[in-house]
Amino acid sequence: MRRYIGILVVLFAVFVVINSLYEQIQKDNKSAKSTRILCHENVTVFERIYNDKKVESAQKNLLVGNYILSSSVQKATYSKSKLFDYVNLTDMDKIAVEMIESYVKNRELSDDKLKISYYIYENDIKDPGKKTEKSKLYAGYVVFRFSDDKDELIYQVQIDFMDKKGIDLPQSIKCAIKSFITI
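Residues numbered from 1 in each chain as written. Predicted model: local features only at pLDDT ≥ 70, side-chain atom pairs only at ≥ 80, totals over all residues. Heavy atoms only, no water.

A. Local environment of the pattern of salt bridges. For the coordinates displayed, the defined rule picks out six salt bridges. Notably, a salt bridge pairs Asp-151 with Lys-115, separated by 3.2 Å at the nearest N-O pair. Of this pair, Asp-151 sits in the loop between β4 (140–147) and β5 (153–161) while Lys-115 sits in strand β3 (residues 114–122); the two residues are 36 residues apart in sequence, bridging distant segments of the chain. Connected via shared salt-bridge partners are Lys-54, Asp-148 and Glu-152. (Salt bridge = Lys/Arg side-chain N within 4 Å of Asp/Glu carboxyl O. Helix = DSSP H or I, 4+ residues; strand = E, 2+ residues; numbered from the N terminus.)

Pasting the structure below:
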């Protein structure tokens, strides 16, 4: 009887060790997907700080309206591009500027400007690199890059949008800017 109890204790200990190793591996394999703020919860968000020492001064530049904004689009190439029949980059720029300006407190312009560049990527569902059905579900994503006046990348965030006509794209843009302000 003692022998069976001893075997059970050893098996249980082995199970606990293997289970904890498995959980650690799973935690390490998770992507950089973020759910840091409320607007991250309903979309897929990837964010990365490249230079944490410059984040505070970059945020200050935004808060005093000392920034330059540039934008571009990346249309689908393997499938027919449809998103930009509905989405106008100039309209998206207005939304981005409006969101940024909502954070500006006291305007203090200087030569050291925060460079904010973003692009809207249209998901190309016929791209041969898209292997899973899950990678074909979203309509696209928006990537915001925040750099200093020497073009050194400080922070980058990528946020998906789901609507094929880009109806939810303004929310993704607003979330990207809020992500930067709140890091």
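Next, the rest of the story.
B. Spatial organisation of the state of the cysteines. Taken as a whole and assessed by the stated rule, the structure comprises one disulfide. Bridging Cys-39 to Cys-175, the disulfide has an S-S length of 2.1 Å. Residues Cys-39 and Cys-175 are joined by a disulfide whose S-S torsion is about 80°; by sign, that bridge is right-handed. Taken together, the positions of Cys-39 in the loop between α1 (2–29) and β1 (45–49) and Cys-175 in helix α5 (residues 169–182) put the pair 136 residues apart, joining distant regions of the chain. The exposure class of Cys-39 is partly exposed, given its relative accessible area of 28%. (Disulfide = S-S within 2.5 Å. Buried < 20%, exposed > 50% of the residue type's maximum accessible area, 1.4 Å probe, protein only.)

Shape descriptors only; they carry no functional weight alone.
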